[in-house]
Amino acid sequence: MKSSYIQQLCPQLNSNNFFYILGLTISILVLLRPETYWILPDTINKALKYGSCLLLGVHLIMTLPKYGKKIPLVLMLITVILFVGLNTDRNYMMFVTAALVFGAKGLSFNNIVKWYFWTGLCFCIVTIIGNQMGLIKSHDVYLDALSSRLSFALSSKRLSFGYVWSTDFATHCFFILLAYWYIRKAELTVKEMLLFVLGAIVILYYTDAKLGAGCILLLPIMTLLYRLTQNTKPKIYAVLIFSIPAFAVLAIAGTLMYQYSNFTWFFVDSVILAGRLRLGNEAIAMYGIPLWGQELRMYGAGTEGKYYNFIDSSFIQLIVIYGIVYAILIILAYTIITYKAYQQKNYVLILAVLMTGISGLIAQHFLQICMNPFLIALIAKHQKKLQL
């Protein structure tokens, strides 16, 4: 049993995925670094960027022949993604996204998620240790007793453990545990579920990050849901095929309908959602919804001399920053992923996508390929019986 568990978590590296996996791990580290207070010399940071681009680019070129007659379509989609990257000044992230998604042809998605899990876990542990040793600074915020914001933290301040924000830390923990949950095929033991609950409580206590802690609590709940429905009520998963389009409509409609003068809207937004509806509403009114995306510098709390305009919701970021074309591509891609998963009876993948969407309603990390690997399932191989 123990050897089977270790084998289940152990990632594979071979000649077919060598460039891909090496490029993946380096690009994850490069993209995660701005989420923390890691300080690297500019030359090293550039070397890692260019190195990962070279590795992923070489693998992508080697992979293209596998698409056969679909090569023109793939090249067109890659061009669209890179064009959006140029418009939004997110060239590196968009290239990595395109290379990881389209370079995954013929590769095991389960194995890719394993590499995400171990890379993210090691990065998180090193960041925490570095922060506790004083090598990496932290953005700790003292809680305001007079604030209208709903808080469950018993600690006097929100700790970020080396991350830029405590919410970034909590959400990264969620995506690491979601990767573990997916690798384990949602078959968590009672001990594992209790550890997840304990972890969520600890994170809530120290960070007051309700979304991250709440999403972690969802994992054991989804485990129980999966056990109850996988054989008896499979039609539930047919509805969940459209979870991401539904979340997108919910987020956009709620943001557009928000009224500052309405007490109910104001209460829900200020007390529960920490102003996310208002900020999203202002962003749409101020910047509009472009077709091909736009460059937009966002500033969060603590940025001196700058107007707070940070858009937390992934779905609002998707339309305001990345534009209508890319938003349609992403929503369509996730719908195809869940549809294929339903056909293959891979209900675990459908639930995993559902949970990323729940996180994306309030947080921006749904769009970040360094945290959320499930877009890669569009091309990579995945099946119900996740191989050990």
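The shown structure was predicted, so the numbers you read here are calculated from the model rather than taken from an experiment.

## Focus on the overall build of the protein
Move 1: A tally of helices and strands in the protein yields 15 helices and 2 strands.
Move 2: Dimensions of the protein, computed from C-alpha atoms along their principal axes, come out at roughly 60 × 50 × 50 Å.
Move 3: Taken across its 388 residues, the protein has 51% of its residues classed as buried.
Move 4: Across the protein, contacts joining residues at least 24 apart in sequence account for 76% of those joining residues at least 6 apart.
Move 5: When the accessible surface of the protein is summed, it comes to about 18400 Å², and 68% of that surface belongs to carbon and sulfur atoms.
Move 6: The averaged location of the 14 negative side-chain charges in the protein is 16 Å from the averaged location of its 30 positive side-chain charges.

## Notes on helix 3 (residues 42-63)
Move 1: For helix 3, spanning 22 residues, the distance from its first C-alpha to its last is 31 Å, which sits close to the expected 32 Å at 1.5 Å a residue.
Move 2: Considered for burial, the residues of helix 3 that qualify are Asn45, Ser52, Leu55, Leu56, Gly57, His59, Leu60 and Thr63.
Move 3: Elements in contact with the buried residues of helix 3: helix 2 (18-32), helix 4 (71-88) and helix 5 (91-102).

## Notes on the packing of helix 9 (residues 210-229) against helix 15 (residues 347-362)
Move 1: Close contact between helix 9 and helix 15 brings their axes to 11 Å; oriented N to C, the two are set at 160°. The orientation of helix 9 relative to helix 15 falls into the category roughly antiparallel. For the crossing formed where helix 9 meets helix 15, the hand is right-handed. Touching Leu211, Cys215, Leu218, Leu219, Met222, Leu225 and Tyr226 of helix 9 are Tyr347, Val348, Leu351, Leu354, Met355, Ile358, Ser359 and Ile362, all from helix 15.

## Notes on helix 5
Move 1: Here helix 5 is 12 residues long and its end C-alpha atoms lie 16 Å apart, about the 16 Å a rise of 1.5 Å per residue gives.
Move 2: When we look at burial in helix 5, the residues that qualify are Tyr92, Met93, Met94, Val96, Thr97, Ala98, Ala99, Leu100, Val101 and Phe102.
Move 3: Elements that come into contact with the buried residues of helix 5 comprise helix 2, helix 3, helix 4, helix 6 (109-132) and helix 14 (314-343).

## Quick notes on the confidence of the model for the protein
Move 1: Predicted confidence across the protein gives a mean pLDDT of 89, with 91% of residues reaching 70 or more.
Move 2: Within the protein, the element-level pLDDT minimum falls on strand 1 (residues 141-142), averaging 70, and the maximum on helix 2, averaging 97.

## Regarding the nonpolar core
Move 1: Formed by 115 residues in total, the largest nonpolar core has its most connected members in Trp181 and Ile376.
Move 2: In terms of residues, this core owes the most to one element, helix 14, which gives 14 residues.
Move 3: Beyond its immediate sequence surroundings of up to four residues, tryptophan 181 is in contact with Ala186, Leu188, Leu219, Met222, Thr223, Val348, Leu351, Ala352 and Met355.

## A word on the pattern of salt bridges
Move 1: Throughout the structure, instances matching the rule amount to 6 salt bridges.
Move 2: For glutamate 192, the salt bridge goes to arginine 184, with nearest N and O atoms at 3.0 Å.
Move 3: Note on glutamate 192: relative accessible area 10%, which makes it buried.
Move 4: Across the pair arginine 297 and glutamate 295 runs a salt bridge whose closest N-O atoms are separated by 3.3 Å.
Move 5: Connected via shared salt-bridge partners are Asp89, Glu295 and Arg297.

## Focus on the packing of helix 11 (residues 243-257) against helix 14
Between two packed helices, both the angle of their axes relative to each other and the distance between the axes serve to describe the pair.
Move 1: Axis separation between helix 11 and helix 14 bottoms out at 10 Å; the angle between their running directions is 160°. Considering their axes alone, helix 11 and helix 14 lie roughly antiparallel with respect to each other. Helix 14 is crossed by helix 11, and the crossing has left-handed handedness. Where helix 11 abuts helix 14, its residues Ile244, Pro245, Phe247, Ala248, Ala251, Ile252 and Thr255 lie against Phe315, Ile316, Ile319, Ile331, Tyr334 and Thr335.
Move 2: Split into classes, the residues belonging to the contact of helix 11 with helix 14 amount to 11 nonpolar, 2 polar and no charged.

## Description of the packing of aromatic side chains
Move 1: A complete count under the given rule lists 20 aromatic pairs for this structure.
Move 2: Geometrically, the ring pair formed by phenylalanine 83 and tryptophan 292 is edge-to-face, given 5.4 Å between the ring centres and 80° between the ring planes. Of this pair, phenylalanine 83 sits in helix 4 while tryptophan 292 is found in the loop between helix 13 (276-287) and helix 14, placing the two residues 209 residues apart along the sequence.
Move 3: Residue phenylalanine 83 is classed as partly exposed on the basis of its relative accessible area, which comes to 37%.
Move 4: Assessed through its relative accessible area of 33%, tryptophan 292 is described here as partly exposed.
Move 5: By the ring-pair criterion, three or more aromatic residues cluster together here, those being Trp38, Phe123, Phe161, Tyr163, Phe169, Tyr205 and Tyr206.
Move 6: Against the face of tyrosine 92 rests lysine 49, its NZ or CZ located 5.4 Å from the ring centre.

## Section: the side chain of arginine 184
Move 1: With respect to the secondary-structure elements, arginine 184 resides in the loop between helix 7 (166-183) and helix 8 (190-207).
Move 2: Of the residues examined, arginine 184 reaches a relative accessible area of 8% and is grouped as buried.
Move 3: Dropping the residues within four chain positions of it, arginine 184 is found in contact with Tyr5, Gln8, Thr189 and Glu192.

## Looking at the environment of lysine 235
Move 1: Inspection of the secondary structure assignment puts lysine 235 in helix 10 (residues 235-240).
Move 2: In this structure lysine 235 comes out as exposed when scored by relative accessible area, which is 69%.
Move 3: Along the primary structure lysine 235 and tyrosine 342 are separated by 107 residues, whereas in three dimensions their C-alpha atoms are 9.4 Å apart.

Definitions and cut-offs
Residues numbered from 1 in each chain as written. Predicted model: local features only at pLDDT ≥ 70, side-chain atom pairs only at ≥ 80, totals over all residues. Heavy atoms only, no water. Helix = DSSP H or I, 4+ residues; strand = E, 2+ residues; numbered from the N terminus. Buried < 20%, exposed > 50% of the residue type's maximum accessible area, 1.4 Å probe, protein only. Contact = heavy atoms within 4.5 Å. Areas by Shrake-Rupley, 256 points an atom, 1.4 Å probe, with all protein chains shown as cover. Lys, Arg positive; Asp, Glu negative; His and termini not counted. Charge placed at Lys NZ, Arg CZ, Asp CG, Glu CD. Expected span 1.5 Å × (residues − 1). Axes fitted to C-alpha atoms, helices over the stretch in contact; angles between N-to-C directions. Parallel < 35°, antiparallel > 145°, perpendicular 65-115°, else oblique. Left-handed = near helix turned anticlockwise from the far one by under 90°. pLDDT = per-residue confidence, 0-100. Core = buried A, V, L, I, M, F, W, Y, C linked by side-chain atoms within 4.5 Å. Salt bridge = Lys/Arg side-chain N within 4 Å of Asp/Glu carboxyl O. Nonpolar A, V, L, I, M, F, W, Y, C, P; charged D, E, K, R; others polar. Phe/Tyr/Trp six-rings, centres within 6.5 Å; stacked < 30°, edge-to-face > 60°. Lys NZ or Arg CZ within 6 Å of the ring centre and 35° of its normal.

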